[in-house]
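# Inside the fold
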Protein chains: 2
Amino acid sequence: MLSEFDLIKRYFQRDRAPGANTVLGVGDDCALLAPTPGKLLAVSSDMLVEDRHFFAGADPLLLGHKCLAVNLSDLAAMGAAPLGFTLALALPAADPDWLDGFSRGLFALADAHGCELVGGDTTKGPLNVCITIFGELAPGRALRRDAARAGDDVWISGTLGDARLWLAARRSEVALDAADHAATAQRMHAPTPRVALGRLLADGGLAHAALDISDGLVGDLQHILASSRVGAVLDVDALPTGPALARQPRALRRRFAAAGGDDYELCFTAPADKRAAILAAGEASGTAVTRVGTITAEAGLRLVDGDGAGLDLQLAGWDHFSPG
Amino acid sequence: MLSEFDLIKRYFQRDRAPGANTVLGVGDDCALLAPTPGKLLAVSSDMLVEDRHFFAGADPLLLGHKCLAVNLSDLAAMGAAPLGFTLALALPAADPDWLDGFSRGLFALADAHGCELVGGDTTKGPLNVCITIFGELAPGRALRRDAARAGDDVWISGTLGDARLWLAARRSEVALDAADHAATAQRMHAPTPRVALGRLLADGGLAHAALDISDGLVGDLQHILASSRVGAVLDVDALPTGPALARQPRALRRRFAAAGGDDYELCFTAPADKRAAILAAGEASGTAVTRVGTITAEAGLRLVDGDGAGLDLQLAGWDHFSPG
């Protein structure tokens, strides 16, 4: 059986020079980073637990990707450039196949974003992956939840609801053909963090508020509304969906797009005079961006259909401590 | 039952202004910190798992203290000044009594060190506490594991072996009277991170290498020896012990002090011409410091008794993935 030290050395200590901002990486009591002078440090932690955030027996390669992706998505939602991350890992056993897959999935995404593993911890225990990520951005540029203003457009990156559709198929609530199953599985297990778009929105001063949608748009948007003390009107029929969800009945399409969860897309607000610049930022970052509503001075979130008529979808956000 | 948002708000979101280096604390996608210009950022993560690092039913107040203490101890071993931390918490249920105790233990120690909770995550799952801590120090001042030099003294802060003695009593391997039981329980459950001493050693350029002893001195010292490509002679009878362990038979005293684990004391190396300054740093920080050996050019760790005769104690460091 692998020892803790061999495990770290074999799977997580990389045989190459540390990155530009890393003075000392894995292997000491602390990692040492040299922050870029004048920049703010953005920090976020996410903990993923088996049977809660992923299924027992999940493909370790996809899991390695997803654990880092959800953290990169938090940096994207702030508009920060990735710098590095720590990984704390509780494992029931040191399984070489699992570790090989997990570390390959993790490092493929890390390398794509120039985000270095600088330290962490491994221990025996029920499977648990905790990543803390660091990024940088210029003071005053952060896309904060409390910065939405009445009159702002509400925008969404990419498409919504595919991860929820995959879950419905797994639960035999809907039937998908093989191609739609594969496409939605990809969206559930390998979300694409919108880092490049978030940076363009922040650096260019294009957006006011932003967050990443992890628990469903309607629930997550409420955080922006509450922090910013504003309301919104959301056109549920304008929510962007992928081809698989577009083929589903309208009621299900609306519900999964508005409150599906596990989307890891950005929801952001921006003044109307930035529309052209935002479309250009979407082009430049290879990310679809869609206008789906308006921020209002009046509190509350009003859902409307394509004709502007009110909708009552009976949606609930995801709560980790609610029953079920 | 408490929702995730209520839980964070009630127990972990504090009703006061953020600290000097915190631009944005708990409640957004990321926390924003303003690093002190010219300083390096020290980062460390520790994950504590029930039945591995603490017993099921552990007092939540002490657990809150210990989870942060082991992270502060990593900063101390680097010589860094605490800045802030993130907390990721998996809980089987949102138990108000547990959360109240845990958060009080955590914040009492955090406040004593001016170390602010800036963000984190909560989820349902087997009990798991993952803290990532941030500190700062001047470039070139870090107490790195690879910096020991032949001829250095080896020093220990505080006393060793008490946590291991408490464990032996719990396992009915030794009998302790009530006072010794209480004293060793305190050392096991509420270790004192040596932050002030570590900072004095680093800022004053007094020590070369350092680490904090979590898995037993003999095992942990090997990391300094390997990284620095040196050896050491360790006088096992010079290892500092508290009164409870001093009352035990010599063989057990030697074994628990040399390889007990859970000590969270500093082991550091320093040139002989710094002895007076190191004793003064110990005084100034209210921390006992004891010379216990010498770094050698020749590789390997040699254990000797008070008369300098070789000892073979058959010790093993703690490995999280070894059987048992």
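Residues numbered from 1 in each chain as written. Chains lettered and ligands numbered in written order. Predicted model: local features only at pLDDT ≥ 70, side-chain atom pairs only at ≥ 80, totals over all residues. Heavy atoms only, no water.

For the rest of this paragraph, the subject is the UniProt feature "binding site: Mg(2+) 1" (unreviewed entry) in chain A. Sites flagged by UniProt as "binding site: Mg(2+) 1" (unreviewed entry) map to A:Ser45, A:Asp46 and A:Asp121. Tracing the backbone shows A:Asp46 in strand S3 (residues 40-49). If we ignore the near neighbours within four places in the chain, the residues touching A:Asp46 are A:Val70, A:Asn71, A:Asp74, A:Val129, A:Cys130, A:Ile131 and B:Asp121. Mapping A:Asp121 onto the fold places it in strand S5 (residues 116-124). (UniProt positions renumbered as here; feature names shortened; annotations may be inferred. Helix = DSSP H or I, 4+ residues; strand = E, 2+ residues; numbered from the N terminus. Contact = heavy atoms within 4.5 Å.)

So, on to the interface of chain A and chain B. Accessible area lost upon the coming together of the parts serves often as the stated size of an interface. Between chain A and chain B, the contact holds 63 residues from the first and 63 residues from the second. Carbon and sulfur atoms supply 63% of the area that chain A and chain B bury against each other, a total of about 5200 Å² over both sides. Where chain A packs against chain B, one counts two salt bridges. Here A:Arg145 makes a salt bridge to B:Asp29, at a shortest N to O gap of 3.1 Å. Connecting chain A to chain B are 13 residue pairs in polar contact (both at pLDDT 80 or more). Per element, the largest residue contribution to the side of chain A that touches chain B is nine residues, and it comes from S3(A). (Buried area = accessible area lost by both parts, 1.4 Å probe. Salt bridge = Lys/Arg side-chain N within 4 Å of Asp/Glu carboxyl O. Polar contact = N/O pair within 3.5 Å; in protein donor to acceptor, adjacent residues only side chain to side chain.)

Our next topic: the sheet that holds strand S12 (residues 300-304) of chain A. Two modes of strand pairing occur in sheets, parallel and antiparallel, and in both the strands are linked by backbone hydrogen bonds. Residue and element names in this part refer to chain A. Strand order in the open sheet formed by six strands is S8-S10-S7-S11-S9-S12, with mixed pairing between adjacent strands. Two strands in the sheet have a free side with no partner beyond their single neighbour: strand S8 (210-213) and S12. Pairs of neighbouring strands in the sheet enclose a mean axial angle of 25 degrees, with direction left out of account. Relative to S12, strand S9 (residues 231-235) is paired through five bridges, and the arrangement is parallel. Bridging from a neighbouring strand, Val233 pairs with Arg302 of S12. (Pairing = 2+ DSSP bridges. Axes fitted to C-alpha atoms, helices over the stretch in contact; angles between N-to-C directions.)

For these two chains of identical sequence, chain A goes onto chain B by a turn of 180 degrees and a shift of 0.0 Å along the axis, with RMSD 0.0 Å. A rotation of that kind, with that shift, is consistent with a two-fold axis. Residue A:Pro37, judged by its C-alpha, is the member of chain A lying nearest the rotation axis, at 3.1 Å. Looking at the interface residues of chain A, 100% of them are also at the interface in chain B, so both copies use one shared face. (Least-squares fit on C-alpha atoms with pLDDT ≥ 70 in both.)

Another aspect to go through is the packing of aromatic side chains. Following the criterion strictly, the structure yields five aromatic pairs over all chains and no others. Considering the side-chain rings of A:Trp98 and A:Phe102, the 4.8 Å spacing of their centres and the 10 degrees angle between planes classify their relative orientation as stacked. With A:Trp98 and A:Phe102 both in helix H3 (residues 96-112) and four residues apart, this pair spans about one turn of that helix. Since its relative accessible area comes to 15%, A:Trp98 is described here as buried. Relative accessible area serves as the criterion here: at 0%, A:Phe102 is assigned to the buried category. Between A:Phe134 and B:Phe134 the ring centres are 5.7 Å apart and the planes differ by 85 degrees, which places this aromatic pair in the edge-to-face class. Of this pair, A:Phe134 sits in strand S6 (residues 128-137) while B:Phe134 is found in strand S6 (residues 128-137), placing the two residues in two different chains. (Phe/Tyr/Trp six-rings, centres within 6.5 Å; stacked < 30°, edge-to-face > 60°. Buried < 20%, exposed > 50% of the residue type's maximum accessible area, 1.4 Å probe, protein only.)

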